[in-house]
Amino acid sequence: MDAAYTALTMDIITHYAYGRSYNHLAEDDFKLSWKETIIAVAANGAFLRQFPWSLPIMKATPLPLLQKLNPQAASLVGWQHAVRGLIDDIILANREGKKAEGTIFQALLDSDLPQEEKSADRLQDEGQTLIGAGSETTAKALSIITFYLLQDKSKLQRLREELRSAMPTPNSQASWTTLEKLPYLVGLTHLRSLSNARLTLGCRPR
């Protein structure tokens, strides 16, 4: 379930950020290796906050060698390379007049931010933050919501009934404004997100 939801959130955030979905949902295993990469990146993030001098060393180490010495560090560096490649493509296309309309990074490039805020290094940092925060954390919240709904079928039924009022058929579409007006859906999402935060901080849910 975690892998499926991570694939979903990853496809969404990359589509909105870069205009190019990674299409992880189409993978047979929902690109499980990506979920493992995110976990490895998070583990290395804790280390790098304490020893920031180690990051330049990691970047300078050839990736095949780094994979043998420290697979988690290799996942981090490989991910950074992938994000940088996407950012460089967007910047080059923008210079050539081929704008990625409707994307987060095109909006940043078109904004009145200072030029140093639009540099490739700066946008790479933003890209890493967006992907990390927009995929794994959201997927975890969805997994927890799903667990509690399946544990208590009465809650699941109540949610389905409320959703049916806004989307009466499987092909119905509802705007975000409409969904925001569904009290049980909104309340359930907020409660489970809070529960997720409490579990992350090591608190026991009441």
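These notes cover the structure that comes with them. Keep in mind it's a predicted model, so treat the numbers as computed, not measured. (Residues numbered from 1 in each chain as written. Predicted model: local features only at pLDDT ≥ 70, side-chain atom pairs only at ≥ 80, totals over all residues. Heavy atoms only, no water.)

1. Section: a negative patch on the surface
A grouping of Glu27, Asp28, Asp29 and Glu36 is seen on the molecular surface, where their side chains present a negatively charged patch. By the element assignment, aspartate 29 lies in the loop between helix 1 (2-18) and helix 2 (32-50). A relative accessible area of 43% means that aspartate 29 is categorised as partly exposed. (Patch = residues over 30% accessible without salt bridge, like charges linked within 9 Å, V, L, I, M, F, W, Y side chains within 5 Å. Areas by Shrake-Rupley, 256 points an atom, 1.4 Å probe, with all protein chains shown as cover. Salt bridge = Lys/Arg side-chain N within 4 Å of Asp/Glu carboxyl O. Lys, Arg positive; Asp, Glu negative; His and termini not counted. Charge placed at Lys NZ, Arg CZ, Asp CG, Glu CD. Helix = DSSP H or I, 4+ residues; strand = E, 2+ residues; numbered from the N terminus. Buried < 20%, exposed > 50% of the residue type's maximum accessible area, 1.4 Å probe, protein only.)

2. Things to note about the packing of aromatic side chains
Here the structure, examined in full by the defined rule, presents three aromatic pairs. Ring centres of phenylalanine 51 and tryptophan 53 lie 6.0 Å apart, and the angle between their planes is 75°; on these two criteria the pair is classed as edge-to-face. For the pair phenylalanine 147 and tyrosine 148, a centre-to-centre distance of 5.2 Å together with 80° between the ring planes defines the contact as edge-to-face. We classify phenylalanine 147 as partly exposed; its relative accessible area is 48%. (Phe/Tyr/Trp six-rings, centres within 6.5 Å; stacked < 30°, edge-to-face > 60°.)

3. Considerations on the pattern of salt bridges
This structure, assessed with the given rule, holds nine salt bridges. Where arginine 84 meets aspartate 121, a salt bridge forms, and the shortest distance between an N and an O atom there is 2.7 Å. Of the two residues, arginine 84 is situated in helix 5 (residues 71-95) and aspartate 121 in helix 7 (residues 120-151); the sequence distance between them amounts to 37 residues. Aspartate 121 sits in the partly exposed class, given a relative accessible area of 49%.

4. Section: unusual backbone geometry
In this structure, asparagine 23 is a non-glycine residue whose phi angle is positive, near 60°. Mapped onto the elements, asparagine 23 comes out in the loop between helix 1 and helix 2. Owing to a relative accessible area of 43%, asparagine 23 belongs among the partly exposed residues under this scheme. The phi dihedral of lysine 31 falls on the positive side, at around 55°, and the residue is not glycine.

5. What about the environment of lysine 99?
With respect to the element layout, lysine 99 can be found in the loop between helix 5 and helix 6 (104-110). The exposure class of lysine 99 is partly exposed, given its relative accessible area of 41%. When the C-alpha atoms of lysine 99 and glycine 19 are compared, they prove to be 10.0 Å apart, with 80 residues separating the residues in sequence. Setting aside residues no more than four positions away along its own chain, lysine 99 makes contact with Ala93, Asn94, Gln106 and Asp110. Side-chain polar atoms of lysine 99 contact the side chain of aspartate 110, separated by 3.2 Å. (Contact = heavy atoms within 4.5 Å. Polar contact = N/O pair within 3.5 Å; in protein donor to acceptor, adjacent residues only side chain to side chain.)

6. What about helix 5?
The end-to-end C-alpha distance of helix 5 is 36 Å, a good match for the 36 Å that 25 residues give at a rise of 1.5 Å each. For helix 5, every residue scored as buried is listed here: Ala73, Ala74, Leu76, Val77, Trp79, Gln80, Val83, Leu86, Ile87, Ile90 and Ile91. Looking at the buried side of helix 5, the elements it contacts are helix 1, helix 2, helix 3 (54-60), helix 4 (63-69), helix 6 and helix 7. Glycine 97 sits one or two residues past helix 5 and shows a positive phi near 80°. (Expected span 1.5 Å × (residues − 1).)

7. Observations concerning the side chain of glutamine 106
Position of glutamine 106 relative to the elements: it lies in helix 6. Take glutamine 106: its relative accessible area is 2%, and that puts it in the buried class. Ignoring anything within four residues of it in the chain, the contact list for glutamine 106 reads Asn94, Lys99, Ala100 and Glu101.

8. Thoughts on the nonpolar core
Grouped together as the largest cluster of nonpolar side chains are 25 residues, with contacts concentrated most on Tyr18, Trp79, Ile87, Phe105 and Ile131. When contributions to this core are tallied by element, the ones reaching two or more residues are helix 1, helix 2, helix 5, helix 6 and helix 7. With 10 residues, the single largest contributor to this core is helix 5. Residue contacts for isoleucine 131: discarding those within four places in its chain leaves Met10, Ile13, Thr14, Tyr18, Tyr22, Trp34, Trp79 and Val83. Among the nonpolar cores identified, the runner-up in size contains 10 residues, and Ile145, Ala166, Leu179 and Leu188 belong to it. (Core = buried A, V, L, I, M, F, W, Y, C linked by side-chain atoms within 4.5 Å.)

9. Brief notes about the packing of helix 5 against helix 7
Pairs of packed helices are described in terms of their axes, by the angle between the two and the distance that separates them. The interhelical angle for the contact between helix 5 and helix 7, taken along N-to-C directions, is 120°, at an axis separation of 9 Å. The orientation of helix 5 relative to helix 7 falls into the category oblique. The chirality of how helix 5 crosses helix 7 is right-handed. Judged by residue contacts, Trp79, Gln80, Val83, Arg84, Ile87, Asp88 and Ile91 of helix 5 engage Ala120, Asp121, Leu123, Gln124, Gly127, Gln128, Ile131 and Gly132 from helix 7. Partitioning the contact of helix 5 with helix 7 into residue classes produces seven nonpolar, five polar and three charged. (Axes fitted to C-alpha atoms, helices over the stretch in contact; angles between N-to-C directions. Parallel < 35°, antiparallel > 145°, perpendicular 65-115°, else oblique. Left-handed = near helix turned anticlockwise from the far one by under 90°. Nonpolar A, V, L, I, M, F, W, Y, C, P; charged D, E, K, R; others polar.)

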